[in-house]
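Spelled out, the chains give:
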Amino acid sequence: KEYEWEDWSYYEILGHFHPINRDEKPKGRLRRRKEFAAIKHSDLRRSYRKQAQLWHPDKMAGRKLKNTSTAEAPKDKDMPGPDLETSVEESTARFARIAEAYQTLSDAEKREEYNDELLDWQDEQYKQLKRQKQQETQRQHSGPDAKRSFVGAFTSTTKSKDP
């Protein structure tokens, strides 16, 4: 399943991590916390400015008027950029989300609180996914089809002749 940008974490929005594959088991909690802490404020500011310039609504309107190659997606394949089909409303929403992400991650207290919530959320998402897969497996191994396949595995399809 592909996740929309509205579902991305603040770190993903600012381009520090790829949008995570939520179908895989997350790395250890301590390791993820260290990765979050390794991002310096200057790196956050730089990535915020880059994303803000890319998604600013006024710049988006100007790109649509010019209709030039500046509206093409950036060379960075991990972070998709706007194209000519991107609406001004979408760029406004993304710009607001980028500003919200920077505001939260630039304040040390808010960032620590956000990191705790994000780690809890990632762990819970993985647990839910694991439960769903277990339930699907149980459904596949129960019911009339499962009984027939179980019995069929132990019965012979060829008739044997009695002496």
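What counts and how
- Residues numbered from 1 in each chain as written.
- Predicted model: local features only at pLDDT ≥ 70, side-chain atom pairs only at ≥ 80, totals over all residues.
- Heavy atoms only, no water.
- Helix = DSSP H or I, 4+ residues; strand = E, 2+ residues; numbered from the N terminus.
- Buried < 20%, exposed > 50% of the residue type's maximum accessible area, 1.4 Å probe, protein only.
- Patch = residues over 30% accessible without salt bridge, like charges linked within 9 Å, V, L, I, M, F, W, Y side chains within 5 Å.
- Areas by Shrake-Rupley, 256 points an atom, 1.4 Å probe, with all protein chains shown as cover.
- Salt bridge = Lys/Arg side-chain N within 4 Å of Asp/Glu carboxyl O.
- Lys, Arg positive; Asp, Glu negative; His and termini not counted.
- Charge placed at Lys NZ, Arg CZ, Asp CG, Glu CD.
- Phe/Tyr/Trp six-rings, centres within 6.5 Å; stacked < 30°, edge-to-face > 60°.
- Core = buried A, V, L, I, M, F, W, Y, C linked by side-chain atoms within 4.5 Å.
- Contact = heavy atoms within 4.5 Å.
- pLDDT = per-residue confidence, 0-100.
- Axes fitted to C-alpha atoms, helices over the stretch in contact; angles between N-to-C directions.
- Parallel < 35°, antiparallel > 145°, perpendicular 65-115°, else oblique.
- Nonpolar A, V, L, I, M, F, W, Y, C, P; charged D, E, K, R; others polar.

### Side note on the environment of E6
Along the polypeptide, E6 turns up in the segment before α1 (10-13). Residue class for E6 comes out partly exposed when judged on its relative accessible area of 43%. Between the C-alpha atom of E6 and that of R97, which follows or precedes it by 91 residues, the distance is 8.3 Å.

### Notes on a negative patch on the surface
On the surface, D107, E109, E113 and E117 cluster together into a patch of negative charge. Checked against the element boundaries, E117 lands in helix α6 (residues 108-140).

### Here we look at the packing of aromatic side chains
Per the stated rule, a full pass over the model turns up four aromatic pairs. Here the aromatic rings of Y11 and F36 are separated by 4.6 Å at their centres, their planes lie at 0°, and the arrangement is stacked. One end of the pair, Y11, is in helix α1; the other, F36, is in helix α2 (residues 29-37), and 25 residues separate them in sequence. Of the two residues, Y11 and F36, neither departs from the other in class, the shared state being buried. Summarising the aromatic geometry, the rings of Y48 and Y102 are spaced 4.4 Å apart at their centres and angled 15° between planes, so their arrangement reads as stacked. Taken together, the residues Y48 in helix α3 (residues 41-55) and Y102 in helix α5 (residues 88-106) connect sequence positions 54 residues apart. Each member of the aromatic cluster is reached from another via a ring pair, and the members are Y10, Y11, F36 and Y114.

### Description of the pattern of salt bridges
Note that side chains of opposite charge can pair when their charged atoms are close. Evaluated as defined, the whole model comprises eight salt bridges. We note a salt bridge from D120 to R29, for which the minimum N-O separation is 2.6 Å. Note that D120 is positioned in helix α6 and R29 in helix α2, a separation of 91 residues in sequence. Given a relative accessible area of 43%, D120 falls into the partly exposed group. The class for R29 is partly exposed, based on a relative accessible area of 32%. Put simply, D43 and R46 hold a salt bridge, and the shortest N to O gap is 3.1 Å.

### Focus: the nonpolar core
Among the nonpolar cores identified, the biggest contains 20 residues, and Y11, L14 and L105 are the most heavily contacted of them. Those elements that provide at least two residues to this core are α1, α3, α5 and α6. Ranked by residues supplied to this core, first place goes to α3 with five residues. If we ignore the near neighbours within four places in the chain, the residues touching L105 are Y10, Y11, L14, L44, R111 and Y114.

### Here's the deal with the confidence of the model for the protein chain
The predicted model of the protein chain averages 75 in pLDDT, with 63% of residues at 70 or higher. Counted against residues more than four places away or in other chains, residues 68-75, with its pLDDT under 50, gives 13 contacts.

### Quick notes on the packing of α5 against α6
The interhelical angle for the contact between α5 and α6, taken along N-to-C directions, is 105°, at an axis separation of 5 Å. Compared by their axis directions, α5 and α6 come out roughly perpendicular. Side by side, α5 and α6 meet where Q103, T104, L105 and S106 of the first sit next to A108, K110, R111 and Y114 of the second. Partitioned by chemical class, the residues of the contact of α5 with α6 number three nonpolar, three polar and two charged.

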